[in-house]
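# Descriptive analysis of the structure
Now for the letters of each chain:
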Amino acid sequence: MITLKISDSITIGNNKLAIITGPCVIESRDMVLTIAEKIKEISEELSAPIIFKASFDKANRSSIKSYRGPGIDDGLKILDEVKNQFNLSVTTDIHEPSQAAKTAEVCDILQIPAFLCRQTDLLVAAANTGKIIN
């Protein structure tokens, strides 16, 4: 059976699952840290591996005026803080090939939004990081 090592603390496969959860978009550092703290508590309480997910940029909004997130630089700083402060694995969406390598420096998994899964350049850039792709 195939297993995937997500991080030092999480391996999935062989009848082991992990939950990916978190806010849709990073609205603020404080909000994300509050949610991450609760997710860590739940993970420990249930002895269940949980991967924290939040987007630094939600490019697929229904209105051009909708809040999209803090952007890659600030967003990755916040996700790195979640990873280090709470010892949680983290993932986020990437939308452009140029985001792959920088995001892979912080995230354990790179997530490709469904509507971008046929963008060859994006998939190749994500694969070239060596990270797991969701």
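Every chain begins its residue count from 1, and numbering advances along the sequence as written. Confidence filtering applies because this is a predicted model: local features only for residues at pLDDT of at least 70, side-chain atom pairs given and counted only at 80 or more, and all residues used for totals across whole chains, interfaces and linings. Based on all heavy atoms of the structure, the side-chain values leave hydrogens and waters out of the count.

## What about the pattern of salt bridges?
Which entries qualify depends on this criterion: What makes a salt bridge here is a side-chain nitrogen of Lys or Arg within 4 Å of a carboxyl oxygen of Asp or Glu, nothing more. Numbering of helices and strands runs from the N terminus, with a helix taken as a DSSP run of H or I at least four residues long and a strand as a DSSP run of E at least two residues long. In this scheme, a residue with accessible area under 20% of its type's maximum is buried, one over 50% is exposed, and one in between is partly exposed, where area comes from a 1.4 Å probe on protein chains only.
Under the counting rule described, the total for this entry stands at 9 salt bridges. Between arginine 29 and glutamate 81 there is a salt bridge whose closest N-O contact spans 2.5 Å. Note that arginine 29 is positioned in helix H1 (residues 29-46) and glutamate 81 in helix H2 (residues 72-86), a separation of 52 residues in sequence. The exposure class assigned to arginine 29 is partly exposed, which follows from its relative accessible area of 39%. A salt bridge links glutamate 44 to lysine 40, with the nearest nitrogen and oxygen atoms 3.8 Å apart. Of this pair, glutamate 44 and lysine 40 both sit in helix H1, separated by 4 residues, roughly a single helical turn. Owing to a relative accessible area of 52%, glutamate 44 belongs among the exposed residues under this scheme. For lysine 40, a relative accessible area of 18% gives the class buried. Linked through salt bridges whose partners overlap, the residues forming this network are Arg29, Asp30 and Glu81.

## Some remarks on H2
Stated precisely, the cut-off is as follows: Between the first and last residue of a helix there are one fewer steps than residues, each counted as 1.5 Å, and that sum is the expected span. Here, residues are in contact when the closest pair of their heavy atoms is within 4.5 Å.
For H2, which comprises 15 residues, the first-to-last C-alpha distance of 21 Å matches the rise-based estimate of 21 Å (1.5 Å per residue) to within 8%. The secondary structure elements touched by the buried residues of H2 are H1, strand S4 (50-53), strand S5 (89-93) and helix H3 (100-104). Backbone geometry just after H2 places asparagine 87 at a positive phi near 55 degrees.

## Looking at the confidence of the model for the protein
Applicable threshold: pLDDT measures the predictor's confidence residue by residue and takes values from 0 up to 100.
Mean pLDDT over the protein: 92, with 100% of residues reaching 70 or higher. When mean pLDDT is taken per element in the protein, H3 scores highest with 98 and strand S2 (residues 11-13) scores lowest with 79.

## Considerations on the side chain of histidine 95
Its location among the elements puts histidine 95 in the loop between S5 and H3. Its relative accessible area of 12% is what places histidine 95 among the buried residues. Not counting the four nearest positions on each side in its chain, histidine 95 is found in contact with Asp57, Ala59, Pro113, Phe115, Leu116 and Leu122.

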